[in-house]
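Tertiary structure, described
Now for the letters of each chain:
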Amino acid sequence: MNKWIKFSTLCILFGVLAFSGCVEPVQYPQIVGEVPTAIIPTRYRIVGTSVQRRPIMCLELGAGSDVTVIMATIHGNEAAGTPLVRRLSWYLREHPELLSGRKVVLMAVANPDGMVNGTRYNAKGVDLNRNFEAANRINTKETGLLPLSEPEAVIIKRLIQEYKPDRIVSIHQPLNCIDYDGPARTLAEHMGKYCALPVKKLGARPGSLGSYAGETLGIPIITFEMTEADSKLNSVSLWQKYGRALLAAIVYPDMVR
Ligand SMILES: [Zn+2]
């Protein structure tokens, strides 16, 4: 009987101490942040290698039929688009509702050798954005002695063949405008509502991705020319400046909220 009274007394004492905060309650793992509302189909893969054997990576988000391809740094010394594209991938994963019915394919670095070496060209000195098999192409040492002579250009061509995108955005510097090729004028104007870059038709460059995708294949393509000073901005500032314009391309013709 005495034992039972002692046990009951201890239980009451423990309960009082626990509720008064003197005894640490059992700790369970904490869930930090929001629980995802949807699982986003995601595929991250190496789609090929550069002349100097650097991997060229591609991130595919979503599984819808409306496809947007966004790529950066095809010119290695115009690299501000790379952190912007990475920031875009984070934003999309936090906002799966934007990927409903859509697929977004991101290539953050199209010319990794040029980026590492701080040059416009690839490791063979070829301007990749003149190496595509467009009707206006010319063969030179700088544009490649043959169309698609460069592995990086072949990778981009294969990417377009594989995904058959509804629109393409290629991010460059420093011409400070939204240029377009093919049936992309309304897309360019749509994106222009969400950033300070003016819409401007620069004219087709021989053998460029714009000429190939826009004029030869008839795919709306934007050459998104940011400014020289954007190289000094971090990804947060780049996102504040241009993020909504990229989202506008993805949800086109819908508006960005
Ligand atoms: Zn460029």
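Preceding this section is the structure that the text describes.
So, here is what we can say about the structure in this document. (Residues numbered from 1 in each chain as written. Predicted model: local features only at pLDDT ≥ 70, side-chain atom pairs only at ≥ 80, totals over all residues. Heavy atoms only, no water.)

What follows is about the overall build of the protein chain. What the protein chain contains, in helices and strands, is seven helices and seven strands. Here the contacts in the protein chain between residues at least 6 apart in sequence split such that 70% fall between residues at least 24 apart. On the protein chain, roughly 13400 Å² of surface is accessible, and the fraction owed to carbon and sulfur atoms is 59%. (Helix = DSSP H or I, 4+ residues; strand = E, 2+ residues; numbered from the N terminus. Contact = heavy atoms within 4.5 Å. Areas by Shrake-Rupley, 256 points an atom, 1.4 Å probe, with all protein chains shown as cover.)

This brings us to the packing of aromatic side chains. Tallied over the full model, the rule gives three aromatic pairs. Considering the side-chain rings of Phe 132 and Tyr 212, the 5.8 Å spacing of their centres and the 15° angle between planes classify their relative orientation as stacked. Residue Phe 132 is located in the loop between α3 (112-117) and α4 (151-163), and its partner Tyr 212 is located in helix α6 (residues 209-216); the two are separated by 80 residues in the primary sequence. Considering the side-chain rings of Phe 224 and Tyr 242, the 5.5 Å spacing of their centres and the 85° angle between planes classify their relative orientation as edge-to-face. With Phe 224 in strand β7 (residues 221-227) and Tyr 242 in helix α7 (residues 235-251), this pair connects stretches of sequence that are 18 residues apart. Each member of the pair, Phe 224 as well as Tyr 242, carries the same accessibility label: buried. (Phe/Tyr/Trp six-rings, centres within 6.5 Å; stacked < 30°, edge-to-face > 60°. Buried < 20%, exposed > 50% of the residue type's maximum accessible area, 1.4 Å probe, protein only.)

Within the element layout of this structure, Lys 157 appears in helix α4. Setting aside chain neighbours within four positions, we find Lys 157 in contact with Phe 132, Glu 133, Leu 148 and Tyr 212.

Here we come to helix α2 (residues 81-94). Residues separated by three or four positions in an α-helix point in the same direction, a consequence of the helix having 3.6 residues per turn. Over its 14 residues, α2 runs 20 Å from end to end, which matches the ideal 20 Å to within 8%, given 1.5 Å per residue. Every buried residue belonging to α2 is among Gly 81, Thr 82, Leu 84, Val 85, Leu 88, Ser 89 and Leu 92, and all of these are buried. Each buried residue of α2 sits inside an arc of 160° when the element is viewed along its axis, so together they form one side. (Expected span 1.5 Å × (residues − 1). Arc of directions from axis to C-beta.)

What holds strands together in a sheet is hydrogen bonding between their backbones, with the strands either parallel or antiparallel. Read from one edge of the open sheet, seven strands run β1-β2-β4-β3-β5-β7-β6, paired in mixed fashion. Strands with a single pairing partner mark the edges of an open sheet, and in this sheet they are β1 (42-49) and β6 (175-181). Across the sheet, the axes of successive neighbouring strands diverge by a mean angle of 15°, strand direction being ignored. Strand contacts of α4: β1, β2 (55-61), β3 (66-72), β4 (102-107) and β5 (167-172), with the helix running at about 145° to β1, the strand carrying the most contacts. (Pairing = 2+ DSSP bridges. Axes fitted to C-alpha atoms, helices over the stretch in contact; angles between N-to-C directions.)

What follows covers unusual backbone geometry. Of note, the bond from Gln 173 into Pro 174 is cis; its omega dihedral lies within 30 degrees of zero at 0°. Positionally, Pro 174 belongs in the loop between β5 and β6. That bond from Tyr 252 to Pro 253 is cis: its omega, 5°, falls within 30 degrees of zero. Structurally, the position occupied by Pro 253 is in the segment after α7. One non-glycine residue with positive phi stands out, namely Asn 176, at about 55°. Tracing the sequence through the fold places Asn 176 in strand β6. What makes Asn 176 partly exposed here is its relative accessible area of 35%.

Ideal donor angles around a metal are set by the shape: a four-donor tetrahedron calls for 109.5 degrees, a six-donor octahedron for 90 or 180 degrees. Protein-derived coordination of the zinc ion comes from His 75 (ND1), Glu 78 (OE), Glu 78 (OE) and His 172 (ND1), at a distance range of 2.1 to 2.7 Å. Taken together, the four donor atoms surrounding the zinc ion define angles of 52 to 148° at the centre, an arrangement classified as irregular. Considered as a linear motif, the donors of the zinc ion on their single chain read H-x2-E-x93-H. Pair noted here: Glu 78 is in the loop between β3 and α2 and His 172 is in strand β5, with a separation of 94 residues, a long-range link. Its relative accessible area of 8% is what places Glu 78 among the buried residues. (Donors = N, O, S within 2.8 Å, 3.2 Å for Na, K, Ca; no water. Tetrahedral: all angles 85-135°; square planar, octahedral: opposite > 155°, others 65-115°.)

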